Amino acid sequence: MDERVWRLPGPRGFVREVVAEHRRGRHVATVLPEALSSDAIFTDSLAVAVLDDFANQSVVARRVFQVVGSGSLLQTFCQALIFDDQPATIPDLLNHPEVRDTVAVVVAGDLRAPDRNDLSRFLHRVELESHAGDPGRRLSIVAILGRNQLPNFAGGASSDIAMTSIWWWARVARWDVAAHVAGLPERGDLTGVLEDVRAETVVEVARWDLDLAEQLSATWSGEPGDLPSLLKDWRIVPVPAVGGHRLSVDALRPPELLLESWDERAVESWHHYQCVAGCALAAEPERLSRVLWAAQARVLLPWIEERRADLHSRLTEKLGAARLASVLHERFDPPMKADSLVEIGTLDKVVRMIIGATDVELRDAARRLRDARNCLAHMQPLSLGEQANLLAACQCLL
């Protein structure tokens, strides 16, 4: 993931949540899974997004980088933020005149190992020393880190009086992934409904993994049979036995038992459910088939229903309303009414009984619609060829 992620509603809300804590007078520990906190591109883009949001609110915010020759984390902060009369203690740093109502943004991954290892203790001291005084007249700190650098809050809470932790958990939703996929360069090999099915399937398979969504958008042809090998080649992660449990709507962080899997980006919260990474579906053919079906059904079932209505209208024009009503009433048991919703299986029978070979295009369209509807009704995904044949056969109805 790169800076584009912060244009999406969910991640953008994450940045705004971080920035909003400044108005509440609290420092912020922004907690990322290890796989992201060690990704320099991601953490740098997050820091830039936070700085930009502060700037939009006319708040002075500055980035803290590692300084050559710095002997401690305190000295790194002092050298990055204060030009003269550098303080020797954390209270003096927080209340120094040069940093009043200033925000310091620090990325743990930017620090050398000794300072990174000291970040948890440093932030704990910062929180304690911030209890007294006016929050608007001291330095505020936003730290972008992994959970191993997170200070221990009293009672195992996620926040304290002067500092809170905001976790990268349940930050990406279906509409975020769909928006990200829609903004990617088009492959050009599929168009219209076929491209809609492919895009919906990418969202359904990739889930919260925007990198996987981007990879599938670039490499997957749309043929369901090709997906398992692409998912296997993407990355291998240990799959936790999450069981798809529903999560509390107000859950602010991963459950304790899932922290290691969350660090590896093997599990996330996806619309209030514990959800494993999409690449894990390669090892579960039945679940992958169900996911493919769900994506196809979202796009194709409404389309099939529209074509069913077109077929009904075409038969009414071809046979006449009176004759169609007679066929439906006399040749079906129980008798059917022409002015009611006539399902595709019944219309297909009418076409075969009355139209037959006199209109091959209409006969083929009815058959393809019936077969596709039956497959999807039984939760069986269609191959790319079957989708293409369905669309081609129904051109006569458009």
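Our structure is the block above this text.
Below, the structure is looked at part by part. (Residues numbered from 1 in each chain as written. Predicted model: local features only at pLDDT ≥ 70, side-chain atom pairs only at ≥ 80, totals over all residues. Heavy atoms only, no water.)

Put simply, helix 12 (residues 285–319) and helix 15 (residues 360–377) touch, their axes get as near as 10 Å, and they point 145° apart. For helix 12 against helix 15, the interelement crossing comes out left-handed. (Axes fitted to C-alpha atoms, helices over the stretch in contact; angles between N-to-C directions. Helix = DSSP H or I, 4+ residues; strand = E, 2+ residues; numbered from the N terminus. Left-handed = near helix turned anticlockwise from the far one by under 90°.)

A complete count under the given rule lists six aromatic pairs for this structure. Taking 5.1 Å as the distance between ring centres and 85° as the angle between the ring planes, the aromatic pair formed by Phe 14 and Trp 168 counts as edge-to-face. Pair noted here: Phe 14 is in helix 1 (residues 9–23) and Trp 168 is in the loop between strand 5 (163–167) and helix 7 (174–182), with a separation of 154 residues, a long-range link. Aromatic ring contacts, followed pair by pair, group Trp 6, Phe 14, Phe 42 and Trp 168 into a single cluster. (Phe/Tyr/Trp six-rings, centres within 6.5 Å; stacked < 30°, edge-to-face > 60°.)

Read from one edge to the other, the open sheet built from five strands follows the order 2-3-4-1-5, with strand pairing classed as parallel. Looking along the sheet, the strands with just one partner apiece sit at the ends: strand 2 (60–64) and strand 5. Taking the axes of each pair of neighbouring strands and ignoring which way they run, one obtains an average angle of 20° across the sheet. Examined bridge by bridge, strand 3 (residues 102–107) and strand 4 (residues 140–146) share five bridges and lie parallel to one another. Pairing of Val 107 across the sheet is with Ile 144, part of strand 4. On top of the sheet, helix 1 reaches strand 1 (27–32), strand 3, strand 4 and strand 5; it is set at about 180° to strand 5, its chief contact. (Pairing = 2+ DSSP bridges. Contact = heavy atoms within 4.5 Å.)

Take unusual backbone geometry next. Between Asp 333 and the following residue, Pro 334, the backbone shows a cis peptide bond with an omega angle of 5°. Looking at where Pro 334 falls in the secondary structure, it is placed in the loop between helix 13 (321–330) and helix 14 (344–355). The phi angle at Ala 170 is positive, at roughly 60°, despite the residue not being glycine. Take Ala 170: it is sitting in the loop between strand 5 and helix 7.

Our next topic: the pattern of salt bridges. Taken as a whole, this structure holds 31 salt bridges when the rule is applied. A salt bridge links Arg 298 to Glu 204, with the shortest nitrogen-to-oxygen separation between them at 2.6 Å. Of the two residues, Arg 298 is situated in helix 12 and Glu 204 in helix 8 (residues 192–206); the sequence distance between them amounts to 94 residues. What makes Arg 298 partly exposed here is its relative accessible area of 42%. Accessibility expressed as a relative area gives 13% for Glu 204, which makes it buried. When salt bridges that share partners are traced, they join Arg 174, Glu 200, Glu 204 and Arg 298 into one network. (Salt bridge = Lys/Arg side-chain N within 4 Å of Asp/Glu carboxyl O. Buried < 20%, exposed > 50% of the residue type's maximum accessible area, 1.4 Å probe, protein only.)

Here we take up the layout of surface pockets. A volume near 260 Å³ is recorded for the second largest pocket. Along the wall of the second largest pocket there are 14 residues; nearest its centre are Val 181, Leu 184, Pro 185, Glu 186 and Glu 195. Elements with a contribution of two residues or more to the lining of the second largest pocket: helix 7 and helix 8. A per-element tally of the lining of the second largest pocket places helix 8 first, with four residues. Partitioned by chemical class, the residues of the lining of the second largest pocket number seven nonpolar, three polar and four charged. (1 Å grid on protein atoms, 1.4 Å probe; cavity = no way out; pocket = protein on both sides within 12 Å on 5 of 7 lines; lining within 4 Å. Points joined across faces, edges and corners; volume = space filled by probe spheres on them. Nonpolar A, V, L, I, M, F, W, Y, C, P; charged D, E, K, R; others polar.)

Once that is clear, we can look at empty space enclosed by the protein. According to the stated counting rule, one finds two cavities of 30 Å³ or more in the structure shown. Around the largest cavity, the lining residues are Met 1, Asp 2, Arg 4, Val 5, His 180, Leu 210, Asp 211 and Glu 214. For the lining of the largest cavity, the leading source of residues is helix 9 (residues 210–219), giving three residues. Of the residues that constitute the lining of the largest cavity, the class distribution is three nonpolar, one polar and four charged. The space that makes up the second largest cavity amounts to roughly 40 Å³.

Looking now at helix 7. Residues of helix 7 that are buried: Asp 176, Val 177, His 180 and Val 181. Projected down its long axis, helix 7 carries its buried residues within an arc of 130°, all on one side. Exposed and facing more than 90 degrees away from the buried side of helix 7 are Trp 175 and Ala 182. Buried positions along helix 7 lie against helix 1, helix 8, helix 9 and strand 6 (267–270). (Arc of directions from axis to C-beta.)

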